[in-house]
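Coordinate inspection notes
So you can see what is in the structure, the chains are spelled out below.
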Amino acid sequence: MATSSGSIAAVIERLRSALPREAVITDPARLATYDCDGLLVHRVTPAVVVLASDAEQVRLAVRACAEAGVPFVARGSGTGLSGGALPHADGVLIVMSGFREIKEISRADQRAVVDPGVINLSVTQASSPEGYYFAPDPSSQQICTIGGNVAENSGGAHCLKYGFTSNHVLSAEVVMPDGSQVTLGQRAPDAPGYDLLGAFVGSEGTLGVATEVTVKLLRSAESVQTFLAGFESTDAAGAATSAIIAAGIVPAAIEMMDALAIEAAEAAVACNYPDGAGAVLVVELDGPTAEVEAESAAAQRMCREAGAFEIRLAADADERMAIWRGRKSAFAAVGRISPDYIVQDGVIPRTKLSQVLGQMGELAAEKGVRVANVFHAGDGNLHPLVLFDGSVPGENERAEEVSGAILDLCLEHGGSITGEHGVGFDKAKHMPKMFTEVDLDTMQRVRCAFDPHGLSNPGKIYPTPRLCGEVPRKRSANDPNPYEGKAEIF
């Protein structure tokens, strides 16, 4: 989407006249702070940044963009890993991270009403004195925002038992791409009509901007048991995972790390995982005390039967946090053993873990790169980390090739190109491998219903630009090129 310099200049002037001086950033050095999200390989400097502090400021910014035909992107803490918050060079970046009031904690309704800039972990901290917590827990939960979680439908270690963000959002106040305000969903369950909230959660900022979110709170479990199991190989750890699930036990979490990921975690946080382990499982169970004790004993037995040579059961909350420290630090920890890395995110049936991990190892060896594996073993959500040195000619390209081939493997085995990180900018090119032309056109018709001018986070999710309102069809070389400003991108 091409934007004229006059249009963006007019929007900047309008924003400056309506917002506090410190809320509008145009200084090139400060703009560079916002040129990417957690996926560092893609960078774009926005034309202007708006530091929003309330819903009215968001409405004003979006309305100004809509009236001038200028694209906009909403951003939280910038922890996303798919380029979902990548700015538009000729557009407005609306930063929501300072917009963080917890407006209500309702113990009776098991609900919390929060601003989109509220930190994920803060919701649990605010509700825990009442005996409740917020279940979705991405590894970045100490910094990621609820608005970002809603945009990406984030998961986390405990989504095996409790589901993703979409399972915990009841309603959202949303600024539509034309600057109007709507409410999607309601506080009571089972709202009538089409599930527009369901379409919005996970839409990666392409359907509008959430300015208030009502989430479910869960009652804190009576008992929690966490144990760490060390194995000689990922095959053995995978066999234990399959045995636990097949026995009808649904832990709150089953996380796996391979030897390279363990090495990185040890270097970063000295997590003291079992010496010589080729893989570890972190298994957590919660619920009524009698049930947890029985299921924990059974799960530990299955780990031993699968070849676990060491099992550590946390005796208290401090020991539980120590076990989780290595897993929660894994992504950042890889920086201790590699100057550069790509965090991938794909899904496979957990029964295919051994086969796919073996094929990933063959790919890595063939291309001369290393791959560290840390993932949600219980639901087959892989997070391979492709390690490389960008200063060495050709390594970046080889790493990108391996990263894409890993997604191909996931699809070959009946999986998906993303489990929780989203498609964003980074994976848009892989969408046709998973969906047909008809599928993609249908999705974009939904997007067009919300955003007919394609201004809200353009260039994300979909690989092929569409002209809003056109009949779905195969595109040809004679079609106008929206990236040259000859047609509107949808």
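The structure contained in this document is the topic of the report that follows. All figures in this text were calculated on a predicted structure; none of them were measured in a lab. (Residues numbered from 1 in each chain as written. Predicted model: local features only at pLDDT ≥ 70, side-chain atom pairs only at ≥ 80, totals over all residues. Heavy atoms only, no water.)

1. Details of the nonpolar core
- In terms of nonpolar packing, the biggest core is built from 43 residues, with Phe231, Ile254, Leu281, Cys303, Met360, Leu382 and Val386 touching the most fellow members.
- Apart from the residues within four sequence positions on either side, leucine 281 is in contact with Phe227, Leu228, Ala229, Phe231, Ala237, Ala240, Thr241, Ile254, Glu255, Met256, Cys303 and Ala377.
- Residues Ala314, Val374, Leu385 and Leu387 belong to the second largest nonpolar core, which totals 28 residues. (Core = buried A, V, L, I, M, F, W, Y, C linked by side-chain atoms within 4.5 Å. Buried < 20%, exposed > 50% of the residue type's maximum accessible area, 1.4 Å probe, protein only. Contact = heavy atoms within 4.5 Å.)

2. Some remarks on the pairing of strand β8 (residues 169-175)
- Here β8 lies mainly inside the structure; 6 of its 7 residues are buried.
- Looking at chain direction, β8 and strand β10 (residues 209-216) are connected through 6 bridges and run antiparallel. If you follow serine 171 over to β10, its bridge partner there is threonine 214.
- Both β8 and strand β9 (residues 181-185) contribute to a ladder of 5 bridges, which runs antiparallel. Across the sheet, residue valine 174 finds its bridge partner in β9, namely valine 182.
- In this antiparallel pair of consecutive strands, β8 and β9, the connection spans 5 residues, and glycine 179 shows a positive phi of 95°. (Helix = DSSP H or I, 4+ residues; strand = E, 2+ residues; numbered from the N terminus. Pairing = 2+ DSSP bridges.)

3. Some thoughts on the packing of aromatic side chains
- One pass over the full model with this rule turns up 1 aromatic pair.
- Taking the centre distance of 6.4 Å and the plane angle of 90° together, the rings of tyrosine 133 and tyrosine 162 count as edge-to-face. Linking tyrosine 133 in strand β7 (residues 132-133) with tyrosine 162 in helix α6 (residues 159-162), this pair joins segments that are 29 residues apart in sequence.
- The positively charged end of arginine 219 is found above the aromatic ring belonging to tyrosine 132, 5.2 Å away from the centroid.
- Just above the ring of phenylalanine 331 sits the side chain of arginine 327; from NZ or CZ to the centre is 6.0 Å. (Phe/Tyr/Trp six-rings, centres within 6.5 Å; stacked < 30°, edge-to-face > 60°. Lys NZ or Arg CZ within 6 Å of the ring centre and 35° of its normal.)

4. Remarks on the packing of helix α8 (residues 234-246) against helix α10 (residues 289-305)
- At a minimum axis separation of 9 Å, α8 and α10 run at an interaxial angle of 145°. In the crossing of α8 with α10, the sense of the turn from one axis to the other is right-handed. Listed contacts from α10 to Ala240, Ala243 and Ile244 of α8 are Ala299, Met302 and Cys303.
- Partitioning the contact of α8 with α10 into residue classes produces 6 nonpolar, no polar and no charged. (Axes fitted to C-alpha atoms, helices over the stretch in contact; angles between N-to-C directions. Left-handed = near helix turned anticlockwise from the far one by under 90°. Nonpolar A, V, L, I, M, F, W, Y, C, P; charged D, E, K, R; others polar.)

5. Topic: the state of the cysteines
- Under the criterion given, the structure shown has 0 disulfides.
- Its sulfur unpaired, cysteine 271 is 18 Å from the next cysteine sulfur, which belongs to cysteine 303.
- For cysteine 271, a relative accessible area of 8% corresponds to the buried category. (Disulfide = S-S within 2.5 Å.)

6. Examining the packing of helix α13 (residues 353-367) against helix α14 (residues 395-412)
- Running from N to C, α13 and α14 cross one another at 160°; their axes reach a closest spacing of 10 Å. When the axes of α13 and α14 are compared, the pair comes out roughly antiparallel. Every pair of crossing elements has a handedness; the one defined by α13 and α14 is right-handed. Only Arg398, Glu401, Val402, Ala405, Ile406 and Leu409 of α14 make contact with α13, whose side of the interface consists of Val356, Gln359, Met360, Leu363 and Lys367. (Parallel < 35°, antiparallel > 145°, perpendicular 65-115°, else oblique.)

7. Overview of the pattern of salt bridges
- Throughout the structure, instances matching the rule amount to 16 salt bridges.
- One salt bridge in this structure joins glutamate 305 and arginine 301, with 3.8 Å as the shortest N-O distance. A residue pair is termed a helical-turn pair when its members lie 3 or 4 positions apart in one helix, as glutamate 305 and arginine 301 do in helix α10 at 4 residues.
- Using a relative accessible area of 60% as the deciding quantity, one classes glutamate 305 as exposed.
- Residue classification places arginine 301 among the partly exposed residues on the basis of a relative accessible area of 42%.
- In this structure, the salt-bridge partner of lysine 427 is aspartate 345, at a minimum N-O distance of 3.7 Å. Remark: aspartate 345 occurs in the loop between β16 (340-343) and β17 (346-347) and lysine 427 occurs in the loop between α14 and α15 (431-434); sequence separation between them is 82 residues.
- Note on lysine 427: relative accessible area 2%, which makes it buried.
- When salt bridges with common partners are traced through the structure, they connect Lys103, Asp115 and Glu212 into a single cluster. (Salt bridge = Lys/Arg side-chain N within 4 Å of Asp/Glu carboxyl O.)

8. Description of the sheet that holds strand β4 (residues 92-95)
- An order of β1-β2-β4-β3 is seen for the 4 strands of this open sheet, with the pairing classed as mixed. Two strands close off the open sheet at either side, each with one partner strand: β1 (24-25) and β3 (72-75).
- The pairing of β3 with β4 spans 4 bridges and is parallel. When the bridges of β4 are listed, phenylalanine 72 appears paired with valine 92.

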